[in-house]
Amino acid sequence: MTPQTRFSGGFTDAPVQAAHAFRAAMTVMARPGEIRQLVGATPPEGLSVAAGTLLLTLSDPDTGVYLAGAADSPAVRQWLTFHTGAPLVPAAQADFAVGLWQDLMPLEQYRIGTPEYPDRSATLIVECGVLHQSGATLRGPGIRDTARLALPDVAALQANSDLYPLGCDFFFTCGDTVAALPRSTRIEPKG
Amino acid sequence: MNEYNFAYLDEQTKRMIRRAILKALAVPGYQVPFASREMPMPYGWGTGGVQVSAATLTPDDVFKVIDQGADDTTNAVSIRKFFEKTAGVATTEETGKATIIQTRHRIPEARLRADQILVYQVPIPEPLRFLEPRETETRKMHSLQEYGLMHVKLYEDISQHGAISTAYAYPVRVADRYVMDPSPIPKFDNPKLEMDAIQLFGAGREQRIYALPPHTRVVSLDFEDYPFEASKADHACNLCGAEDSYLDEVITDDAGNRMFVCSDTDYCRSRREAGHQGRLAQEGTA
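Residues numbered from 1 in each chain as written. Chains lettered and ligands numbered in written order. Predicted model: local features only at pLDDT ≥ 70, side-chain atom pairs only at ≥ 80, totals over all residues. Heavy atoms only, no water.

- Taking an unreviewed UniProt entry as the reference, chain B is identified by name as Alpha-D-ribose 1-methylphosphonate 5-phosphate C-P lyase belonging to Ruegeria intermedia.
- In its Function (unreviewed entry) section, UniProt records this for chain B: "Catalyzes the breakage of the C-P bond in alpha-D-ribose 1-methylphosphonate 5-phosphate (PRPn) forming alpha-D-ribose."
- What UniProt states about chain B under its Catalytic activity (unreviewed entry) heading is, verbatim, "alpha-D-ribose 1-methylphosphonate 5-phosphate + AH2 + S-adenosyl-L-methionine = alpha-D-ribose 1,2-cyclic phosphate 5-phosphate + methane + 5'-deoxyadenosine + L-methionine + A + H(+)". (UniProt positions renumbered as here; feature names shortened; annotations may be inferred.)

- As annotated in an unreviewed UniProt entry, chain A carries the name Alpha-D-ribose 1-methylphosphonate 5-triphosphate synthase subunit PhnH and comes from Ruegeria intermedia.

A closer look at the overall build of chain B
Part 1 of the argument: Within chain B one finds seven helices and 12 strands.
Part 2 of the argument: Relative to its length of 286 residues, chain B is compact, with a C-alpha radius of gyration of 19 Å against a globular reference of 19 Å.
Part 3 of the argument: Taking the principal axes of the C-alpha coordinates as reference, chain B spans close to 60 × 55 × 35 Å.
Part 4 of the argument: Considering chain B as a whole, with its 286 residues, one finds that 56% of them fall into the buried category.
Part 5 of the argument: Within chain B, contacts between residues separated by at least 24 positions form 62% of all contacts whose residues are at least 6 apart in sequence.
Part 6 of the argument: Of the roughly 12,400 Å² of accessible surface on chain B, a fraction of 48% belongs to carbon and sulfur atoms. (Helix = DSSP H or I, 4+ residues; strand = E, 2+ residues; numbered from the N terminus. Rg over C-alpha atoms; globule rule 2.2 N^0.38 Å. Buried < 20%, exposed > 50% of the residue type's maximum accessible area, 1.4 Å probe, protein only. Contact = heavy atoms within 4.5 Å. Areas by Shrake-Rupley, 256 points an atom, 1.4 Å probe, with all protein chains shown as cover.)

Notes on the interface of chain A and chain B
Part 1 of the argument: Contacts between the two partners involve 42 residues from chain A, matched on the other side by 42 residues from chain B.
Part 2 of the argument: Note on chain A versus chain B: buried area summed over both sides is about 3,400 Å², and carbon and sulfur give 62% of it.
Part 3 of the argument: Summed over the three residues of chain A that lose the most area to chain B, namely F22, R23 and R31 of chain A, the buried surface amounts to 17% of that side.
Part 4 of the argument: Joining chain A to chain B, the criterion identifies five salt bridges.
Part 5 of the argument: The partner of R19 of chain B in a salt bridge is D60 of chain A, and the shortest N-O contact between them spans 3.2 Å. (Buried area = accessible area lost by both parts, 1.4 Å probe. Salt bridge = Lys/Arg side-chain N within 4 Å of Asp/Glu carboxyl O.)

Focus on the pairing of strand β8 (residues 177-181) of chain A
Residues and elements named next belong to chain A.
Part 1 of the argument: Of all five residues in β8, four are buried; the element is thus mostly enclosed.
Part 2 of the argument: Two elements, strand β1 (residues 36-37) and β8, share two bridges in a ladder whose sense is antiparallel. Within β8, the residue paired with Q37 across the bridge is T177.
Part 3 of the argument: Pairing between strand β7 (residues 169-174) and β8: five bridges, direction antiparallel. Each residue of the ladder has a partner; that of C174, found in β8, is T177.
Part 4 of the argument: Taking the residues that link successive antiparallel strands as the turn, the β7-β8 hairpin has two residues, and the phi of G175 there is positive, at about 60 degrees. (Pairing = 2+ DSSP bridges.)

As for the side chain of T56 of chain B
Part 1 of the argument: By secondary structure assignment, the location of T56 of chain B is in helix α2 (residues 47-56).
Part 2 of the argument: Judged by relative accessible area, which is 0%, T56 of chain B ranks as buried.
Part 3 of the argument: A polar contact is formed between the side chain of T56 of chain B and the backbone oxygen of V52 of chain B, at a distance of 2.6 Å.
Part 4 of the argument: Discounting residues that sit within four places of it in the chain, T56 of chain B has contacts with F22, R23 and M26 of chain A together with I21, D61, I100, I117 and L200 of chain B. (Polar contact = N/O pair within 3.5 Å; in protein donor to acceptor, adjacent residues only side chain to side chain.)

Some points on the packing of helix α2 (residues 49-58) of chain A against helix α1 (residues 11-26) of chain B
Part 1 of the argument: The geometry of α2 of chain A relative to α1 of chain B is characterised by a closest axis approach of 8 Å and an angle of 115 degrees between their N-to-C directions. Comparing their axes, α1 of chain B and α2 of chain A come out roughly perpendicular. Every residue of α1 of chain B that contacts α2 of chain A at L56, T57 and L58 of chain A is listed here: R15, R18, R19 and L22 of chain B.
Part 2 of the argument: Considered class by class, the residues forming the contact of α2 of chain A with α1 of chain B number three nonpolar, one polar and three charged. (Axes fitted to C-alpha atoms, helices over the stretch in contact; angles between N-to-C directions. Parallel < 35°, antiparallel > 145°, perpendicular 65-115°, else oblique. Nonpolar A, V, L, I, M, F, W, Y, C, P; charged D, E, K, R; others polar.)

Side note on the side chain of T27 of chain A
Part 1 of the argument: Following the sequence through the fold, T27 of chain A ends up in helix α1 (residues 14-30).
Part 2 of the argument: For T27 of chain A, a relative accessible area of 11% translates into the label buried.
Part 3 of the argument: Not counting residues up to four positions away in its chain, the partners in contact with T27 of chain A are E34 and R36 of chain A together with I198 of chain B.

Some words on the pairing of strand β4 (residues 100-104) of chain B
All names here are of chain B.
Part 1 of the argument: Buried residues dominate β4, accounting for four of its five residues.
Part 2 of the argument: Inspection of the sheet shows strand β2 (residues 62-67) paired to β4 by five bridges, in the parallel sense. Note that in β4 the partner of V65 across the bridge is Q102.

With respect to the packing of aromatic side chains
Part 1 of the argument: For the coordinates displayed, the defined rule picks out 13 aromatic pairs over all chains.
Part 2 of the argument: Summarising the aromatic geometry, the rings of Y4 of chain B and Y8 of chain B are spaced 5.6 Å apart at their centres and angled 45 degrees between planes, so their arrangement reads as tilted.
Part 3 of the argument: Centroid distance F63 of chain B to F83 of chain B: 5.1 Å. Interplanar angle 75 degrees. Geometry classified as edge-to-face. Taken together, the residues span a long stretch of sequence, with F63 of chain B in strand β2 and F83 of chain B in helix α3 (residues 74-86) at a distance of 20 residues.
Part 4 of the argument: In textbook terms, an aromatic cluster arises when at least three aromatic residues are bridged by ring pairs, as seen for Y4, Y8, F63, F82 and F83 of chain B.
Part 5 of the argument: In this arrangement the basic side chain of R120 of chain A is found over the ring face of Y117 of chain A, its NZ or CZ atom lying 3.8 Å from the centre.
Part 6 of the argument: Sitting above the plane of the Y178 of chain B ring, R177 of chain B keeps its charged end 4.4 Å from the centroid. (Phe/Tyr/Trp six-rings, centres within 6.5 Å; stacked < 30°, edge-to-face > 60°. Lys NZ or Arg CZ within 6 Å of the ring centre and 35° of its normal.)

Right, here's the structure in full:
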């Protein structure tokens, strides 16, 4: 077992692994509440497999990445810079932000898009201890009737969805699994 | 090195398109700008759909392409061959076997499943474009939900023709927010826009991507006294006898004879293989 260095842990077959990773990411973003496996990268300590794979799939020199809390280590910085070339930026400029929920807060510091260009908003990759389909009730695009997903802070995420069509979008990562919550989803605390 | 990168596009381009697709799914019906590339086919031949398909395909996919419902027309054949060559994916003409279906101007008759993806080729993504040519203004109109002009247009249809005469690219309201152009599908297909599959729309020349997640509420614009009607030619298919499918009218000679056939070739073929016969089935299958 070789020690993790900044050079290892990337995709071994980028076109194919990134394609599979994107399909998982797209599926969960299109179906809030669904949980999918997301593998391919072997990121250094501080990033889950799913979060590392998402960053390799979506970030590049055109996207600013904000590393929050434990994710902001020299090992992660070097690994991400080597594999993606993504500039590391403050939260207010980030296209992608990654870290634990409490480290990523407050939500108000991220870009939410503009009325003419709501797509110019941040996507938060929230590292979670567990991912399970219980807790808050979700309704909206991508959901037949209702879906359930355990969310880190229902009130803050409700406030985000109240901004629709502005707002941030979220991936929740845990180990090698991922779920997502777009801004279009309406949230009720208990089902 | 004489091989293409998987699915033709370079990885950085695919990442850019993938980011646009994710934002498009997060804000259904909103048109996300993207840096459309030149493709080895002319604008108007589905470059937007091709780029969305290229960013979405995996080697495990089974790919189907239809042009006005048909698998065997020039546009469909060349795009199918393009991805056979550059992505090495399996292709099919059977709707049920495909995992990604790229389409020009139709939604397949067969109900799509949750594990399928429908990719539309879009010529003009902006539903307000023919009413307001300035992009700065249409952006503002979408941001303010200022859609009165669209209703005026439908009203003028009624005052001139006695009914809403818009027959294709019929505007829809998505998730009670954005008015969207469903691409030039016949309005017969509009009710099918609420489906189990993910729908992605790519406009190459106009550099826009938009999307409908599964089960998104999609309402065709209309009036209380002139409700939306999904219309089709009032005939049965002359080959397979289907009365529920969208029909093409084909002129068959100089004497004014004509026949009606399913525009969805796979639907029509599978019905004929199951033994259904239309009025002209004997001559048609010759």
